[in-house]
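Structural overview
Letter by letter, the chains look like this.
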Amino acid sequence: MLSENEALRAKVDSLNSLVTSFGQKETDLTNKVHSLKSLLSSSQQQETELKDKVKRMESRLRCVPQEIPKQNAHATQSASVMSMLEGGYSGGGVGQIVVDVLKDIELGEKSEVTLTDLGLSELTSLKPVDKFLQLTSALMTVRADARFLVFGLWSLCHCLYVLYLIYAHLI
């Protein structure tokens with residue numbers, strides 16, 4: 001009878017160990033299911049973001065043909081400004097030189113005004129200043145924060161100057 005009890009206890013113990021191993025496997029599988037669900041939800045979220053991005057790009061592409069007439073109007077306006085400049089300075093001298101330099105830049109034939117164009121190439125102390133201003137201008141064409149910084153510094157200095165004038169002359 002003892003051997004039968006021991007055999008039954010051994011079978012019960014083996015069944016208990018099987019139940020615990022199945023319980024562990026079940027928790028492992030539920031963890032995997034949860035991770036797969038989270039992966040699926042993140043991929044669905046990425047899919048919706050990409051669909052939204054495609055819709056925005058398509059709307060931008062639809063707007064491009066509408067912007068072309070605006071650009072043509074800007075070119076026409078630039079041409080009218082140039083004709084006014086040319087008409088205003090029919091004589092020679094400094095005025096004609098300024099008009100010629102501005103016309104070259106406005107039409108895109110020339111990308112910058114150098115110290116030589118202004119007749120200041122002999123002043124060596126202006127070359128580093130000119131180089132700095134050219135780099136600042138190039139940076140401002142690319143970065144909005146650089147434009148904001150330069151405008152902010154200018155407006156701060158302007159406000160301080162106006163406050164000084166008010167203080168010095170009115171108070």
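Just so you know, the residues in each chain are numbered from 1, in the order the chain's sequence is written. Owing to the predicted nature of the model, reporting of local features is limited to residues with pLDDT of at least 70; listing and counting of side-chain atom pairs is limited to 80 or more, with chain, interface and lining totals taken over all residues. For side-chain calculations, the full set of non-hydrogen atoms in the structure is used, while hydrogens and water are omitted.

Right, let's get into the overall build of the protein chain. To qualify as a helix, a DSSP run of H or I must reach at least 4 residues; to qualify as a strand, a run of E must reach at least 2; elements of each kind are numbered from the N terminus. For the protein chain, the count of helices and strands is five helices and zero strands. Throughout this description, buried means an accessible area under 20% of the type-specific maximum (1.4 Å probe, protein chains only), exposed means over 50%, and partly exposed covers the range between. In the protein chain, which comprises 171 residues, the share counted as buried stands at 5%. As presented, the protein chain carries roughly 14,800 Å² of accessible surface, and 65% of it is formed by carbon and sulfur atoms. All accessibility values rest on the Shrake-Rupley procedure with a 1.4 Å probe; residue burial counts only the protein chains present in the view.

Our focus in this paragraph is a nonpolar patch on the surface. Candidate patch residues must exceed 30% relative accessible area and have no salt bridge, after which like charges are joined if within 9 Å and Val, Leu, Ile, Met, Phe, Trp or Tyr side chains if within 5 Å. Whenever Lys or Arg places a side-chain nitrogen within 4 Å of a carboxyl oxygen from Asp or Glu, that contact is recorded as a salt bridge. On the surface, Leu149, Leu153, Leu156, Leu160, Tyr161, Val162, Leu163, Tyr164, Ile166, Tyr167, Leu170 and Ile171 cluster together to form a nonpolar patch covering roughly 1,300 Å² of accessible area. Its place among the elements puts Leu156 in helix α5 (residues 144–170). Leu156 gets classed as partly exposed once you look at its relative accessible area, which sits at 48%.

Below, the discussion takes up the packing of helix α4 (residues 126–142) against α5. Look at α4 against α5: their axes get within 5 Å of each other, and the N-to-C directions meet at 125°. As far as their axial angle goes, α5 and α4 are oblique. From α4, Thr136, Leu139, Met140, Thr141 and Val142 reach across to α5, where they touch Ala144, Ala146, Arg147 and Val150. Three classes are used: nonpolar for Ala, Val, Leu, Ile, Met, Phe, Trp, Tyr, Cys and Pro, charged for Asp, Glu, Lys and Arg, and polar for all others, with Gly counted as polar. Its residues assigned to classes, the contact of α4 with α5 comprises six nonpolar, two polar and one charged. Note on geometry: axes are lines fitted to C-alpha atoms, helical ones only across the stretch in contact, with angles between N-to-C directions running from 0 to 180 degrees. Angle categories are assigned with fixed cut-offs, so that under 35 degrees is roughly parallel, over 145 is roughly antiparallel, 65 to 115 is roughly perpendicular, and the rest are oblique. Whether two residues are in contact is decided by their heavy atoms, any of which lying within 4.5 Å being enough.

Quick look at the confidence of the model for the protein chain now. Residues with a pLDDT of 70 or more make up 72% of the protein chain, whose mean pLDDT is 78. Mean pLDDT in the protein chain bottoms out at helix α2 (residues 94–106), which sits at 63, and peaks at α5, which reaches 93. Confidence per residue, as judged by the predictor, is encoded in pLDDT with a range of 0 to 100.

Moving on, we get to the state of the cysteines. Each disulfide is one covalent bond, formed between the sulfur atoms of two cysteines. Here, two cysteine sulfur atoms that lie within 2.5 Å of each other are counted as a disulfide. Within this structure, the stated rule accounts for zero disulfides. This cysteine, Cys157, is not joined by any disulfide, and Cys159 carries the nearest cysteine sulfur, 9.5 Å off. Cys159 sits in the partly exposed class, given a relative accessible area of 46%.

Turning our eyes to something else, we now look at the pattern of salt bridges. Summed over the entire model, instances satisfying the criterion amount to two salt bridges. Here Lys51 makes a salt bridge to Glu47, at a shortest N to O gap of 3.4 Å. In this pair, Lys51 and Glu47 both sit in helix α1 (residues 2–88), four residues apart, roughly one turn of the helix.

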